[in-house]
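Each chain, written out:
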There are 4 protein chains.
Amino acid sequence: MQFLSDNAAAVHPAVWEAMRAADAPDSPYDNDAISRELDGAFTALFERDCTALWVATGTAANCLALSAMVPPHGGVVCHREAHIEMDEGGAPGFYLHGAKLMLAEGASAKLTPNGIAAVVDPIRDDVHQVQPHAISITQASEYGCVYQPGELAAIAGYARSRGLGLHMDGARFANAVAYLGCSPGEACSGVDALSFGFVKNGGLGAEAIVFFDTALANVVRYRRKRAGHLQSKGRFLAAQILAMLEGDVWLHNGRAANAAAAEIAAAAGDRLLHPVQANEVFLTLSAEERAALRAQGFSFYDWGVDGARLVTSWNADPDHVSALAKGIAAL
Amino acid sequence: MQFLSDNAAAVHPAVWEAMRAADAPDSPYDNDAISRELDGAFTALFERDCTALWVATGTAANCLALSAMVPPHGGVVCHREAHIEMDEGGAPGFYLHGAKLMLAEGASAKLTPNGIAAVVDPIRDDVHQVQPHAISITQASEYGCVYQPGELAAIAGYARSRGLGLHMDGARFANAVAYLGCSPGEACSGVDALSFGFVKNGGLGAEAIVFFDTALANVVRYRRKRAGHLQSKGRFLAAQILAMLEGDVWLHNGRAANAAAAEIAAAAGDRLLHPVQANEVFLTLSAEERAALRAQGFSFYDWGVDGARLVTSWNADPDHVSALAKGIAAL
Amino acid sequence: MQFLSDNAAAVHPAVWEAMRAADAPDSPYDNDAISRELDGAFTALFERDCTALWVATGTAANCLALSAMVPPHGGVVCHREAHIEMDEGGAPGFYLHGAKLMLAEGASAKLTPNGIAAVVDPIRDDVHQVQPHAISITQASEYGCVYQPGELAAIAGYARSRGLGLHMDGARFANAVAYLGCSPGEACSGVDALSFGFVKNGGLGAEAIVFFDTALANVVRYRRKRAGHLQSKGRFLAAQILAMLEGDVWLHNGRAANAAAAEIAAAAGDRLLHPVQANEVFLTLSAEERAALRAQGFSFYDWGVDGARLVTSWNADPDHVSALAKGIAAL
Amino acid sequence: MQFLSDNAAAVHPAVWEAMRAADAPDSPYDNDAISRELDGAFTALFERDCTALWVATGTAANCLALSAMVPPHGGVVCHREAHIEMDEGGAPGFYLHGAKLMLAEGASAKLTPNGIAAVVDPIRDDVHQVQPHAISITQASEYGCVYQPGELAAIAGYARSRGLGLHMDGARFANAVAYLGCSPGEACSGVDALSFGFVKNGGLGAEAIVFFDTALANVVRYRRKRAGHLQSKGRFLAAQILAMLEGDVWLHNGRAANAAAAEIAAAAGDRLLHPVQANEVFLTLSAEERAALRAQGFSFYDWGVDGARLVTSWNADPDHVSALAKGIAAL
């Protein structure tokens, strides 16, 4: 009974089907008919013009998007616990040619205008200090918390007022939209580029970088190839993404994962370290409690000395989820 | 009847089957059971110890391999028409942090010790000139020509004598081995790292970087993640590669593509611009002749003013191939 | 009466004299007779074999030294307020090709093994996290505090135990040695490369990178040229450095600046924010007090809301220093 | 009797005098009064608005200027024998973060629109090939040949028509203007940024990057610091440059060096390999002839098997020059 990660979950049947259907001769790279559908599909989804490029991983999506916003001598404000800072093996340093991540604070890994300003305001506008050029936020955050449209608007307003680009790491964008119940466009309003994740949510190996600023996309086209991320059989990536968008599979999957997490969260009660708004549950569990749960067959990661992280997948087995909820309640 | 490229050809059924079979929960990244089989599989194939890492594209494979051999202030000797120089959108400059490609000459895009020495020897060992650190060769070459073991030994000997690393771009390694009829190990003897291509030969989106020098692999593990090429569902890439190795699918596919090219080459006779040893046919065709063939339903790229490039795939339709051969013979 | 910085102070007469004497034809770059004396001069000074390269600035010295210790995918542990983090305009990101600065805490901008371990220990040895490859410390620190030989030995021991390189930013190394009263070699014992500063201490535009590990120097020779820091009339940089070493001008100058700071510190008493061990005085001064001192003709930088930074130069005017000390005492 | 290089020649007395005069307290970096005079001085010289930044070397000047014109995924067209390609230790790869030098042909190391187009035209506008973003030319060229205003206008027109930036490496700009007899502005008309060299012409360690496009300068301010080229005692660099501009010392020095080269060229007659328009003489000399001249006390570099390069300095001794001219005539 696996609650380690949504990262390695199964592939959704609709994705498999679309990939098989894509196995007909077509043009290589992103010149095929399927890849050419992406812009339209995302424009419809977000109800505003956008350009979308597929890549294989969230790290590539995040860093390629940022590489078009930030010059090598600039900086990106992100949360101290952001994925780009903590878990991408230094990829921002590589893709941004040495630009700097500027680490801000905020509860549950969410930024606020104040938290951002605390980093940005002390920077003198002189050449001795790296100047910020963009902000990157994560929707849902690394602690499974979601920016409300109003919170997002405040950050976007701050970004605009300072001339900073705004990037959203949406590795779990589906979970955020599922939680918010708003339109996809509202969940990323004011953002210049969104890394829209599918791999954690039923995809096999395809994420979309959605650009609401077309000029950025035109730079990233070159950067994607230069990074070795322009797959020659790109039609199989496009097919995955379209299959996830078709009939809102992405959203259904996000809801399913969220529901599983909510069930566990309800059982965890006061143990919760962060509000559970997406598909991750961070909770207090002593070493003995963790051992007890593991003895019952549950696998998950420790979180610090006295905690654990539980992640639910789009296809979480309801019996496993209930069992885990009961197991926690019974501790 | 498509002879444009092997790049976008169909996926082999064994690859599909293996991918579907891999759709069971396992550890993410390359910690899954399938990924862990790669080293053994390639060690058996090459009959010497090696470490293999999957990546999605040949560009990533080539540049990651080279990034472990060449410091940012160094250079790589390659052919003036090498893929890394001509067709990778500047990826070597990115992955090698500004290291320099040093362009050598050689018939049919093959290097020779003399051709390499003509580039290397004039370089003074002083800090004003970039110093070479590696050589990259392509097996089969960009013109579909193959290094014989003796030719390879001569280059490897030169590399060793100068303390240079040796990388082989094997985007069409299968075609080369199929042509040579030797063991896979002989076809890359003396090489430190091989980009072993599967995508052009029946794969979907997986290539292997095979390191005969384990220290290089240990650097590239970090570089792969840093480049956003460590896919979380890496088991699907490993599965593709193992499926291609299993029962020598890779070699059968290479032979099939070569045979198709050979049939066309036989019909082309004196028109051939390069010996046909793999799955590419470069031949003289006037604009009128090209138009005539295209009118018969054949699609292919122009090659210069009076030529064409025909590429055959692992699943080339024998009727199409025969028709093209006849069409050319009839010109 | 200027206490803003030692950065723009006058050039020592011995430096001018040596530069004029160097204005005779010789080989360009560092092939001249004067540049060739550097290794010997520093070897004598440090009483162990070393190789020294001149560069124009401390930023170049620091970043070139580190570039030979840290691969692009690695990291450098430094203090959160280190010059390389705060004041070099992102130069480490540039010179280290995107490697990461890992920020540690410590009183008065000095690192300790515990402070370093607090950063290093939580890093899992996997590819998702940047791995440390070096430590950089500043002697004297950005708050004018000095590592005692024992403190240095503890850090060097930690570095060795973790396989990390050790770099010392010695922009104010002279002040540190003057304070310690030990031999120059003791003040940088265990270090692999030292940025030995002269510009703040009477030089015009020359710093030395002193390598106790010759292999590093041989890499940096190439990197220096590649960074445009190999001046063709390098003899003028070498001449500055030799003039500063000759007769221990560097040490006399360091002592003079320290003495001036000590005089001010004695007057500041409880106002001191950090021990005064070099030529910088950080003290509590209210806005009114600062205004009062400025009205008396003293110029200096604010330090936060209620503080000031006073820096003394090698040629600080004793009357100005006494006047400032009195002015502070009288507040 | 030294004809090896102008690189290591003596410093002009006016430069020494200005440097000594600059040894008074002022603000650090480029905030001093002298540095602030540069924009005005160059605006007067070039008779159009410009912004000028000092740096220590020509390599830094060239690469910083280009770094503001060319993104990391782009390319720069330059001559196959350009200094940036041949002699800067890979600095363009470093400063431009892996952008590519695209090598064009042209007599005497001069580019022409046709030579540039031969490189640019075959590049498909797709992501597989690096796209050009700028052209770099050298005035006077690496073979001491000068672009006439008409030639320059043709290249500038081509650059504009393709949307490419235009950079001029003016390491020997003084020699070019001296030869042309035109205004300085005419000698670099149409150029976006000029590396104006002083070090080979009487300076000690200061070159100017002159931007006719102010937006570029504002980027390079950050890049200069990031490259460790913002010297804290920058007033000494500014002073050198102003001293060279004052009373047209730069032009007088250029004329003197040119005159010396012309005297030698006249003696060389049919031996000349390139027209002698600046201060370099490339001529045919057999090994025996070179030995004979060296036996007479002349030092110079071989140029290939049967040639030599003679470079004259601003302060070439007339007796040495006449002796060399006679020596060559007598061969």
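Residues numbered from 1 in each chain as written. Chains lettered and ligands numbered in written order. Predicted model: local features only at pLDDT ≥ 70, side-chain atom pairs only at ≥ 80, totals over all residues. Heavy atoms only, no water.

*Asks:* Which parts of the structure should I look at to understand the overall build of chain A?
*Replies:* Of the regular secondary structure elements, chain A holds 14 helices and 10 strands. Compactness check: chain A gives a C-alpha radius of gyration of 20 Å against a globular reference of 20 Å for 331 residues, within 12% of the reference. C-alpha atoms of chain A, sized along the principal axes, occupy 55 × 55 × 35 Å. A total of 331 residues make up chain A; the buried ones form 64% of that total. (Helix = DSSP H or I, 4+ residues; strand = E, 2+ residues; numbered from the N terminus. Rg over C-alpha atoms; globule rule 2.2 N^0.38 Å. Buried < 20%, exposed > 50% of the residue type's maximum accessible area, 1.4 Å probe, protein only.)

*Asks:* When you look at the relation of the copies chain D and chain C in this model, what are you seeing that I'm missing?
*Replies:* Note: a rotation about an axis with an accompanying shift along it relates these two copies of the chain. Overlaying chain D with chain C gives an RMSD of 0.0 Å, the required rotation being 180° about an axis along which the chain moves by 0.0 Å. Interpreted geometrically, this transformation is the action of a two-fold axis. Scanning chain D for the C-alpha nearest the rotation axis identifies D:Ala227, at a separation of 3.6 Å. Taken together, the interface assignments show that 100% of the residues at the interface of chain D recur at the interface of chain C, consistent with an identical surface on both copies. (Least-squares fit on C-alpha atoms with pLDDT ≥ 70 in both. Contact = heavy atoms within 4.5 Å.)

*Asks:* I keep staring at the interface of chain B and chain A and nothing clicks. Help me out?
*Replies:* Interfaces are frequently sized by the accessible area removed from exposure as the parts join. Across the contact, 42 residues belong to chain B and 42 residues belong to chain A. For the pair chain B and chain A, the summed buried surface comes to about 3500 Å²; carbon and sulfur atoms form 56% of the total. The tally of links between chain B and chain A comes to 27 residue pairs in polar contact (both at pLDDT 80 or more). Of all the secondary-structure elements, those providing two or more residues to the side of chain B that touches chain A are α1 (13-21), α3 (58-67), α5 (91-95), α10 (214-226) and α11 (235-245) of chain B. (Buried area = accessible area lost by both parts, 1.4 Å probe. Polar contact = N/O pair within 3.5 Å; in protein donor to acceptor, adjacent residues only side chain to side chain.)

*Asks:* Can you walk me through the relation of the copies chain B and chain A in this structure?
*Replies:* When chain B is brought onto chain A, the operation consists of a screw motion whose angular component is 180° and whose axial shift is 0.0 Å, with 0.0 Å RMSD remaining. The fraction of interface residues of chain B whose copies in chain A are also interface residues reaches 100%, indicating that both copies meet through the same surface.

*Asks:* What exactly am I supposed to notice about the pairing of strand β7 (residues 207-211) of chain C here?
*Replies:* One face of the sheet, then the other: side chains in a regular strand alternate in exactly this way. All names here are of chain C. By the criterion of burial, β7 is predominantly enclosed, with five of the five residues buried. As paired strands, strand β1 (residues 51-55) and β7 are joined by five bridges and run antiparallel to one another. If you follow Trp54 over to β7, its bridge partner there is Ala208. Where strand β6 (residues 193-196) lies against β7, four bridges are found, and the strand directions are antiparallel. Within β7, the residue paired with Ala193 across the bridge is Phe211. (Pairing = 2+ DSSP bridges.)

*Asks:* What's the story with the side chain of A:Asp6 in this structure? I'm lost.
*Replies:* Residue and element names in this part refer to chain A. Mapped onto the elements of the fold, Asp6 is located in the segment before α1 (13-21). Of the polar contacts made by the side chain of Asp6, one reaches the side chain of Arg172; its length is 2.9 Å. For Asp6, the side chain forms a polar contact with the side chain of Asn279, separated by 2.9 Å. Sequence-distant contacts of Asp6, that is, excluding residues within four places in its chain, are made with Arg172, Val199, Lys200, Asn279, Val311, Thr312 and Ser313.

*Asks:* What is the right way to read the packing of helix α1 (residues 13-21) of chain C against helix α1 (residues 13-21) of chain D from this model?
*Replies:* When two helices pack together, their arrangement is given by the angle between the helix axes and the distance between those axes. One can describe the packing of α1(C) onto α1(D) by two numbers: an axis separation of 13 Å at closest approach and a directional angle of 170°. Taken together, α1(C) and α1(D) sit at an angle that is classed as roughly antiparallel. Together, C:Trp16, C:Met19 and C:Arg20 of α1(C) and D:Trp16, D:Met19 and D:Arg20 of α1(D) make up the contact between the two elements. In the contact of α1(C) with α1(D), the residues fall into four nonpolar, no polar and two charged. (Axes fitted to C-alpha atoms, helices over the stretch in contact; angles between N-to-C directions. Parallel < 35°, antiparallel > 145°, perpendicular 65-115°, else oblique. Nonpolar A, V, L, I, M, F, W, Y, C, P; charged D, E, K, R; others polar.)

*Asks:* What am I meant to see in the pattern of salt bridges here?
*Replies:* It is possible for side chains bearing opposite charge to pair when their charged atoms get close. As enumerated under the stated definition, the model contains 52 salt bridges over all chains in all. The partner of A:Glu151 in a salt bridge is A:Lys110, with the nearest N and O atoms 2.9 Å apart. Note that A:Glu151 is positioned in helix α7 (residues 149-162) and A:Lys110 in the loop between β3 (100-104) and α6 (113-120), a separation of 41 residues in sequence. For A:Lys110, a relative accessible area of 13% corresponds to the buried category. Among the ionic pairs, B:Glu85 bridges to D:Lys100, the shortest N-O distance being 3.1 Å. Pair noted here: B:Glu85 is in helix α4 (residues 83-86) and D:Lys100 is in strand β3 (residues 100-104), and the two residues belong to different chains. Ionic contacts of the salt-bridge type, sharing partners, join the residues A:Asp6, A:Arg172, A:Glu280 and A:Arg309 into one network. (Salt bridge = Lys/Arg side-chain N within 4 Å of Asp/Glu carboxyl O.)

*Asks:* Can you help me understand the pairing of strand β2 (residues 74-79) of chain B in this one?
*Replies:* Residue and element names in this part refer to chain B. The element β2 is extensively covered by neighbouring structure, given that six of its six residues are classed as buried. Pairing geometry for β2 and strand β4 (residues 131-138), over four bridges, is parallel. Directly across from Gly75, in β4, lies its bridge partner Pro132.

*Asks:* Looking at this structure, I do not really get the sheet that holds strand β8 (residues 280-284) of chain C. What am I missing?
*Replies:* In sheet architecture, strand pairing relies on hydrogen bonds along the backbone and comes in two forms, parallel and antiparallel. All names here are of chain C. What the three strands build is an open sheet, ordered β8-β10-β9; its pairing is antiparallel. Edge strands, defined here as strands with exactly one partner in the open sheet, are β8 and β9 (301-302). Two strands pair when backbone bridges link them, and β8 and strand β10 (residues 307-311) are joined in this way by five bridges, in the antiparallel orientation. Looking across to β10, one finds that Val281 is bridged to Leu310.

*Asks:* Mind showing me how you'd approach the confidence of the model for chain A here?
*Replies:* It should be kept in mind that the predicted coordinates are not to be read in detail where pLDDT is low. A residue-level look at chain A finds 100% of positions with pLDDT of 70 or above and a mean pLDDT of 97. For this predicted complex, the interface confidence score (ipTM) comes to 0.97, while the overall pTM stands at 0.97. (pLDDT = per-residue confidence, 0-100.)

*Asks:* Would you take a moment to explain unusual backbone geometry for this structure?
*Replies:* Negative phi values dominate among residues other than glycine, just as trans dominates among peptide bonds. Cis geometry marks the peptide bond from A:Gln139 to A:Ala140; its omega dihedral reads -5°. Here A:Asp248, not a glycine, exhibits a phi torsion of approximately 55°, which is positive. Its place among the elements puts A:Asp248 in the loop between α11 (235-245) and α12 (249-268). Positive phi values are uncommon outside glycine, yet B:Ser108 reaches one of about 55°. By relative accessible area, which is 14% here, B:Ser108 ends up buried.

*Asks:* Can you help me understand the interface of chain D and chain C in this one?
*Replies:* At the interface, 42 residues of chain D touch 42 residues of chain C. Among the residues of chain D in contact with chain C, D:Trp16, D:Phe94 and D:Lys233 are the three that bury the most area, contributing 22% of the side total. Counting across the interface, chain D meets chain C through zero salt bridges. Here chain D and chain C share 28 residue pairs in polar contact (both at pLDDT 80 or more) between them.

*Asks:* Hey, could you run me through the packing of aromatic side chains in this one?
*Replies:* How two aromatic rings sit relative to each other is given by the distance of their centres and the angle of their planes. Residues and elements named next belong to chain A. This model, assessed by the stated rule, comprises 66 aromatic pairs over all chains. Consider the rings of Phe196 and Trp250, whose centres lie 5.3 Å apart with planes at 75°: the pair is edge-to-face. You can see Phe196 sitting in strand β6 (residues 193-196) and its partner Trp250 sitting in helix α12, a full 54 residues away along the chain. Note on Trp250: relative accessible area 0%, which makes it buried. Cluster of aromatic residues (ring-pair linked, three or more members): Phe42, Phe46, Phe173, Phe196, Phe198, Phe212 and Trp250. (Phe/Tyr/Trp six-rings, centres within 6.5 Å; stacked < 30°, edge-to-face > 60°.)

*Asks:* I would appreciate a short explanation of the environment of C:Pro92 in the present structure.
*Replies:* Residues and elements named next belong to chain C. As for its position among the elements, Pro92 is in helix α5 (residues 91-95). Residue Pro92 is classed as buried on the basis of its relative accessible area, which comes to 3%. Along the backbone, Pro92 and Leu64 are 28 residues apart, and their C-alpha atoms lie at a distance of 8.7 Å. Those residues within four positions of Pro92 in sequence are excluded, and the remaining contacts are Cys63, Ile84, His97 and Leu101.

*Asks:* Teacher, can you tell me more about helix α13 (residues 287-295) of chain B here?
*Replies:* The periodicity of an α-helix, 3.6 residues per turn, causes residues three or four places apart in sequence to face the same way. Residues and elements named next belong to chain B. Turning to α13, its buried residues number three or more, namely Glu289, Arg290 and Leu293. With its buried residues spanning 100° around the axis, α13 presents them on a single face. Summarising the geometry of α13, the exposed residues directed more than 90 degrees from the buried face are Glu288 and Ala295. Considering only its buried residues, α13 is in contact with β8 (280-284), β9 (301-302), β10 (307-311) and α14 (318-329). Once α13 finishes, Gly297 follows within two positions and takes phi at roughly 105°, a positive value. (Arc of directions from axis to C-beta.)

*Asks:* Mind showing me how you'd approach the sheet that holds strand β5 (residues 165-170) of chain A here?
*Replies:* Residues and elements named next belong to chain A. The strand order across the open sheet built from seven strands is β1-β7-β6-β5-β4-β2-β3, with neighbouring strands paired in mixed fashion. Lying at the two open borders of the sheet, with one neighbouring strand each, are β1 (51-55) and β3. The average undirected angle you get between the axes of adjacent strands in this sheet is 25°. Docked against the sheet, α6 engages β2 (74-79), β3 and β4 (131-138), running at close to 130° with respect to β3.

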